[in-house]
Amino acid sequence: MIGAPDFWWRKRGGALLAPLGALYGAVAWMRLKAKGGGAGVPVICLGNPTVGGAGKTPAALAVAHLLLAAHERPFFLTRGYGGRLSGPVRVDPAFHHASDVGDEALLLARLAPTIVARDRVAGAKAARLGGASVIVMDDGFQNPSLAKNLTILMIDGRRGVGNGRVIPAGPLRAPLNAQIARAQALVVVGPAGGAAAAIDAARRRDVPVFHGRLEPDRNSLAALTSRKVLAFGGIGDPEKFFATLTAAGVTVAGRVSFADHHRYTAADAQALVARADA
């Protein structure tokens, strides 16, 4: 993960910061226990127990596809990370930019109506008044203000929970057991070799464990498999993206990693094109 300390992913890393992590974890645990307000419609929350990419957005899109196939009217509700608007605001991809509502909100809005709101209860109300029959949250698991009917925790199978410590000593947003106890399912994305601690914690609490994988769009792959590519990514774990390309048979001649939610500039684009041409 770009920008995350290396010791987060070492078995005994972060010991000196463990007291701070324990304090942060205690506060986060108390927040998790708080009772949230109702939305008036069912709320499905996709969350992750750690900082960084775990596949929440692809999972939220997959859930919305299932709901649409069942003739429901799902609305996405998201904080709009990286955007300046506090909301509630209904995202219009033809009008809003990533600087307004964040990049993830624009991606979600291509599939279903999307509400950006820092105040989740107000955002849920806007979704319900807009005609939502169910709300899909792409984040907000650790935010207690809105009650959830179904919570699914996502975890990267390769990285797992790292050293098992809470921020700033490790990548966990709250103590692992406290988070698992608030979930109805755990989904491990990709090979599960690094996720043993999370899987064990889920099984001890009879939380169902599912395994998933990210599959690239076949039409997009068909356009790439006959040539060398320069791969670049500004996501929580660019290495996962690069590995997906390689596993799909794409010849990756070069890789460039940016920080999560990186805002690309004209200079970035020019440098990437020049490197690709080279």
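Residues numbered from 1 in each chain as written. Predicted model: local features only at pLDDT ≥ 70, side-chain atom pairs only at ≥ 80, totals over all residues. Heavy atoms only, no water.

1. With respect to the overall build of the protein
Broken down by element type, the protein carries ten helices and ten strands. For the C-alpha atoms alone, the extent of the protein along its principal axes is close to 55 × 50 × 35 Å. Taking all 278 residues of the protein together, 45% fall into the buried category. Residue pairs at least 24 apart in sequence account for 70% of intrachain contacts in the protein once pairs closer than 6 positions are excluded. Accessible surface for the protein amounts to roughly 14100 Å². Of this, 57% is attributable to carbon and sulfur atoms. (Helix = DSSP H or I, 4+ residues; strand = E, 2+ residues; numbered from the N terminus. Buried < 20%, exposed > 50% of the residue type's maximum accessible area, 1.4 Å probe, protein only. Contact = heavy atoms within 4.5 Å. Areas by Shrake-Rupley, 256 points an atom, 1.4 Å probe, with all protein chains shown as cover.)

2. Points about the sheet that holds strand β4 (residues 114-116)
The strand order across the open sheet built from eight strands is β3-β4-β2-β5-β1-β6-β7-β8, with neighbouring strands paired in mixed fashion. The sheet is open, and its two borders are formed by β3 (89-90) and β8 (209-212), each paired with just one other strand. Direction of pairing for strand β7 (residues 185-189) relative to β8: parallel, over a ladder of four bridges. Looking at β8, one finds that L186 is bridged to V209. (Pairing = 2+ DSSP bridges.)

3. Describing the side chain of D139
Within the element layout of this structure, D139 appears in the loop between β5 (134-137) and β6 (150-156). Overall, D139 belongs to the buried group, its relative accessible area being 15%. At a separation of 3.2 Å, a polar atom in the side chain of D139 contacts the side chain of T78. At a separation of 3.4 Å, a polar atom in the side chain of D139 contacts the side chain of R120. Look past the residues within four positions of D139 in its chain and what remains in contact with it is C45, L46, K56, L77, T78, R79 and R120. (Polar contact = N/O pair within 3.5 Å; in protein donor to acceptor, adjacent residues only side chain to side chain.)

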